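# Understanding the architecture of this molecule
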Amino acid sequence: MQNSRTPKLTVVGAGPGDVELITLKAIKALENADVVLYDALVNEELLQYATKAEIVFVGKRLGCHAYTQDQINELIVSMANRYGHVVRLKGGDPFIFGRGSEEIEYSEKFGLETAVVPGISSALGVPASVGISLTQRKVAESFWVITGTTSSHELSKDVHLASKSAATVVILMGMHKLNEIVGIYKTNRTDDLPIAIIQNGTKNSEQKVVGNISSITKLVAEKNISSPAIIVIGEVVKNTSKLTSYFQEHFEDEFIFQNLNL
Ligand SMILES: C[S@@+](CC[C@H](N)C(=O)[O-])C[C@H]1O[C@@H](n2cnc3c(N)ncnc32)[C@H](O)[C@@H]1O
């Protein structure tokens, strides 16, 4: 049986937002935690499982970081040495644009035991929850998951490469770069390529908009969609059961129920 005072870090994925989209293993880790350090995208209802833990918010709200990454790293080590089991609860999957691996690397340097509990990343879970299949036979053989904001605050150059392929492209942290993304697709592909944007996916506050490369910026402004949001670009967006009414309305002539023939 594990000694709860052994300094240990478990990096845990909380899933995309819906409280039921967390794993049993993650819940067990929360129940066992002496300390929980959690991020802004985590659904706070999940903290109810951490019945015996000290709970600390270390995320970013209204553009301000409660703690820098260096401070979080130090907090993990000091809390683990003082209390035992630290759970670092992160939105989605901790290894998808989550800096989970950096926290593990730092903690291991200070002798902490470490473990990872994967989570459902918003990159996969949010499109699936609105019926978008990222791969589809005869439509998309692959998908890219790309950051819209690199460490130098720029759009990843991979968007240029991906836009030239037939792959489905999922962009995280890309809302501030939407105009740039649209420009790249206009140059490299076609104006009528379908695109969906989902804000607060799987949460009660979810909002989504579906259009094509030429219409999306106007639609986003009309519906006031902003971060945190997932951008999904590709033909698969059109072959989506839950979005059929939109496409019947806007793409009547070319609409084909390909998704029913998989
Ligand atoms: C720092 S990244 C973390 C991603 C996370 N590790 C994951 O696997 O989902 C934060 C970005 O993920 C996306 N995101 C996370 N949760 C989301 C949700 N529920 N709905 C839409 N986008 C979400 C947004 O693009 C947001 O800006």
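Residues numbered from 1 in each chain as written. Predicted model: local features only at pLDDT ≥ 70, side-chain atom pairs only at ≥ 80, totals over all residues. Heavy atoms only, no water.

### Description of the overall build of the chain
- From N to C terminus, the chain includes eight helices and 12 strands.
- A total of 262 residues make up the chain; the buried ones form 48% of that total.
- In the chain, of all internal contacts separated by at least 6 residues, the share reaching a separation of at least 24 is 64%.
- A total accessible area of about 13,200 Å² is found for the chain, and carbon and sulfur atoms account for 51% of it. (Helix = DSSP H or I, 4+ residues; strand = E, 2+ residues; numbered from the N terminus. Buried < 20%, exposed > 50% of the residue type's maximum accessible area, 1.4 Å probe, protein only. Contact = heavy atoms within 4.5 Å. Areas by Shrake-Rupley, 256 points an atom, 1.4 Å probe, with all protein chains shown as cover.)

### A short note on the site of the ligand
- Around the ligand there are 18 residues in total, and Pro16, Ile96, Ser121, Ser122 and Ala229 lie nearest to it.
- The side chain of Ser122 places a nitrogen or oxygen atom 2.6 Å from an oxygen atom of the ligand.
- Note that a nitrogen atom of the ligand is positioned 2.8 Å from one of the backbone N or O atoms of Gly201.
- Contact with the protein chains removes 89% of the 570 Å² of surface that the ligand exposes when unbound.
- If you list the elements that add at least two residues to the shell around the ligand, you get helix H4 (122-129) and strand S12 (229-233).
- Its residues placed into classes, the shell around the ligand shows 11 nonpolar, six polar and one charged. (Near = heavy atom within 4 Å. Polar contact = N/O pair within 3.5 Å; in protein donor to acceptor, adjacent residues only side chain to side chain. Nonpolar A, V, L, I, M, F, W, Y, C, P; charged D, E, K, R; others polar.)

### As for the packing of aromatic side chains
- Evaluation of the coordinates by the stated rule reveals two aromatic pairs.
- Seen in terms of ring centroids, Tyr106 and Phe110 are 4.9 Å apart; in terms of plane orientation they differ by 35°. Their pairing is tilted. (Phe/Tyr/Trp six-rings, centres within 6.5 Å; stacked < 30°, edge-to-face > 60°.)

### A short note on the sheet that holds strand S1 (residues 8-13)
- With parallel pairing, the five strands of this open sheet are ordered in space as S3-S2-S6-S1-S7. What marks the edges here is a single partner per strand, and that holds for strand S3 (54-57) and strand S7 (113-117). The sheet shows a mean angle of 15° between the axes of neighbouring strands, taken without regard to direction.
- As judged from the four bridges shared by strand S2 (residues 35-38) and strand S6 (residues 85-90), these two strands associate in the parallel manner. (Pairing = 2+ DSSP bridges. Axes fitted to C-alpha atoms, helices over the stretch in contact; angles between N-to-C directions.)

### Quick word on the pairing of S2
- Here S2 shows no split at all, with Val35 and Leu37 on one side and Val36 and Tyr38 on the other all buried.
- As paired elements, S2 and S3 share four bridges and run parallel to each other. Bridging across to S3, Val35 finds its partner in Glu54.

### A word on the environment of Asn224
- Tracing the chain through its elements places Asn224 in the loop between helix H7 (216-223) and S12.
- When the C-alpha positions of Asn224 and Val209 are compared, they lie 9.8 Å apart, and in sequence the two are 15 residues distant.
- Every residue in contact with Asn224, bar those within four places of it in the chain, is listed here: Gln199 and Gln207.

### Describing the nonpolar core
- Judged by nonpolar contacts, the single largest core of 23 residues is most densely connected at Tyr185, Ile197, Val220, Ile231 and Ile233.
- Contributions of two or more residues to this core are made by helix H5 (158-163), strand S9 (168-172), helix H6 (178-188), strand S10 (194-199), H7 and S12.
- The element best represented in this core is H6, accounting for five residues.
- Residues contacting Val220, with those up to four places away along its chain left out, are Met175, Leu178, Ile197, Val209 and Ile225.
- Formed by 19 residues, the second largest nonpolar core is a distinct cluster that contains Val12, Leu47, Ala53 and Phe57. (Core = buried A, V, L, I, M, F, W, Y, C linked by side-chain atoms within 4.5 Å.)

### A word on the packing of H6 against H7
- Where H6 contacts H7, the two axes come as close as 10 Å, and the packing angle between them is 155°. On the basis of the axis angle, H6 is roughly antiparallel to H7. Note that H6 runs across H7; the crossing there is right-handed. Seen from H6, the contacting residues are Leu178, Asn179 and Val182; seen from H7, they are Ile216, Thr217 and Val220.
- Looking at the contact of H6 with H7, its residues break down into four nonpolar, two polar and no charged. (Parallel < 35°, antiparallel > 145°, perpendicular 65-115°, else oblique. Left-handed = near helix turned anticlockwise from the far one by under 90°.)

### Observations regarding the environment of Val159
- Within the fold, Val159 resides in helix H5.
- Here Val159 falls in the buried class, since its relative accessible area comes to 0%.
- C-alpha of Val159 to C-alpha of Ile184: the two residues are 25 residues apart in sequence and 7.9 Å apart in space.
- If we skip the residues at most four places from it in the chain, Val159 touches Ile146, Ile171, Ile184 and Tyr185.

Interpretation note: all reported values are geometric properties and have no functional meaning in isolation.
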